[in-house]
There are 2 protein chains.
Amino acid sequence: MSIREMNQEECRDLLVRLGFGRLGCANNNQPYVVPIYFAYDSNCLFGFSTAGQKIEWMRSNALVCVEADEVLGQDNWTSVLVFGRYEELPDNPKYAARRLDAHALLEKRTFWWRQAIATSQTRSEELRPVPILYCIHIDRMTGHQASPDK
Amino acid sequence: MSIREMNQEECRDLLVRLGFGRLGCANNNQPYVVPIYFAYDSNCLFGFSTAGQKIEWMRSNALVCVEADEVLGQDNWTSVLVFGRYEELPDNPKYAARRLDAHALLEKRTFWWRQAIATSQTRSEELRPVPILYCIHIDRMTGHQASPDK
């Protein structure tokens, strides 16, 4: 197996195509990792969630990491790592235009809504599935691709 | 889609079966997420790596999170979340017995060695592929299973 570094365009292409990865956030140096769906656009990853631990943690510490990979075999995989910052897009006039753009991207993946709502059903608190829209601003991005030896 | 909480035995079974997940560590509240292979035994996840950023970060902050999931479809998936602490198993007499046990588990997955060595080839530093054996002590573990509506 050999591993090579991917360039920025290749990293972006993988993020656009996969739209799925694992988000890492941290609170008092305790990391927390959850699977997320996202849409890539303009150096941002747009995501969607109901209220919960990851939203609370990202509100208190905006530093996040997103890892997205495609594993075809033990010696045949691609992995992209994003370091970025969380920004919430609340439902008020200041964010109206960006929310519209984000919704247009998210509408292509309607199952996000179903998943966010279903997740809230497992919680004991009486949480209404309030939709929270956010974007991860990409500060730095790296990628590696492994290929089997010929 | 409905989502239910898994019990501890179900969580363990998934970790044993998958042996693959994403490890989150953090340094100065910056999270970092990487795919890892592991072997579950006695409330620990044993792993293997060459020197690098994740090892350096876990040495300075032992708090970690491991997420392992099996996605069969958008409404048909299982995800287990482990909160734990990193402990290195260095090559000295104090750790000899535990290293033997860990090696016995790891030998069942010989490709780990290949992957760890190949990863080191991509680094610009002149790093020798020094094998570092570690375990993640599981402090807390939760799991969720989503099933499609009938």
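Peer 1: An account of the relation of the copies chain A and chain B is requested, with residue identities and associated values reported.
Peer 2: The relation between the two chain copies is a rotation about an axis coupled with a shift along that axis. By a simple turn and slide, chain A fits onto chain B: the slide is 0.0 Å along the axis, the RMSD is 0.0 Å, and the turn is 180°. Both chain copies can therefore be described as sitting about a two-fold axis. When each C-alpha of chain A is compared by its distance to the rotation axis, A:N29 comes out closest, at 2.5 Å. Both copies contact each other with a shared surface, as 100% of the interface residues of chain A are interface residues in chain B too.

Peer 1: Mind laying out the side chain of B:E88, listing which residues take part and the relevant values?
Peer 2: Residue and element names in this part refer to chain B. Structurally, E88 is set in strand β7 (residues 76-88). Polar contacts involving the side chain of E88 include one to the side chain of R59, which spans 2.8 Å. Within the structure, the side chain of E88 is placed 2.6 Å from the side chain of Y86, a separation counted as a polar contact. Those residues in contact with E88, other than ones at most four positions away along the chain, are I55, R59, Y95, I132, L133 and Y134.

Peer 1: Please provide a residue-by-residue account of the packing of aromatic side chains, values included.
Peer 2: All names here are of chain B. For the structure on display, the rule yields 8 aromatic pairs over all chains. With centroids separated by 5.5 Å and ring planes inclined at 45°, the aromatic side chains of Y86 and Y134 adopt a geometry described as tilted. Residue Y86 is located in strand β7, and its partner Y134 is located in strand β8 (residues 132-147); the two are separated by 48 residues in the primary sequence. Looking at Y86, the relative accessible area reads 9%, which means it is buried. Judged by relative accessible area, Y134 falls into the buried class, the value being 1%.

Peer 1: How would you sum up the pairing of strand β5 (residues 44-49) of chain A? Please name residues and give values.
Peer 2: All names here are of chain A. Counting buried positions along β5 gives 6 out of 6 residues, so the element sits mostly inside the fold. Of the two faces of β5, the one carrying C44, F46 and F48 and the one carrying L45, G47 and S49 are both buried. Here strand β4 (residues 39-41) pairs with β5 via 3 bridges, running antiparallel. Bridge assignment links D41 to a residue of β5, and that residue is C44. As paired elements, β5 and strand β8 (residues 132-147) share 6 bridges and run antiparallel to each other. Following the sheet pairing, F48 is matched in β8 by L133.

Peer 1: Which residues make up helix α3 (residues 96-106) of chain A, and what values do they have?
Peer 2: All names here are of chain A. Restricting attention to buried positions, one finds in α3 the residues R99, A102, L105 and L106. In a view along the axis of α3, the buried residues occupy a sector of 120°, so they form one face of it. For α3, the exposed residues set more than 90 degrees away from the buried face come down to A97, L100 and D101.

Peer 1: Give a description of the pattern of salt bridges that names residues and reports values.
Peer 2: Applying the stated rule across the entire model yields 16 salt bridges over all chains. The partner of A:D139 in a salt bridge is A:R85, and the shortest N-O contact between them spans 2.9 Å. Of this pair, A:D139 sits in strand β8 while A:R85 sits in strand β7 (residues 76-88), placing them 54 residues apart in sequence. Taking the relative accessible area as the measure of exposure, A:R85 reaches 37% and is therefore partly exposed. In this structure, B:D91 engages B:R99 in a salt bridge whose closest nitrogen and oxygen atoms are separated by 3.8 Å. Since its relative accessible area comes to 68%, B:D91 is described here as exposed. Exposure remark for B:R99: the relative accessible area of 13% places this residue in the buried category. Several salt bridges share partner residues, and in doing so they unite A:R22, B:E67 and B:D69 into one network.

Conventions adopted
- Residues numbered from 1 in each chain as written.
- Chains lettered and ligands numbered in written order.
- Predicted model: local features only at pLDDT ≥ 70, side-chain atom pairs only at ≥ 80, totals over all residues.
- Heavy atoms only, no water.
- Least-squares fit on C-alpha atoms with pLDDT ≥ 70 in both.
- Contact = heavy atoms within 4.5 Å.
- Helix = DSSP H or I, 4+ residues; strand = E, 2+ residues; numbered from the N terminus.
- Polar contact = N/O pair within 3.5 Å; in protein donor to acceptor, adjacent residues only side chain to side chain.
- Phe/Tyr/Trp six-rings, centres within 6.5 Å; stacked < 30°, edge-to-face > 60°.
- Buried < 20%, exposed > 50% of the residue type's maximum accessible area, 1.4 Å probe, protein only.
- Pairing = 2+ DSSP bridges.
- Arc of directions from axis to C-beta.
- Salt bridge = Lys/Arg side-chain N within 4 Å of Asp/Glu carboxyl O.

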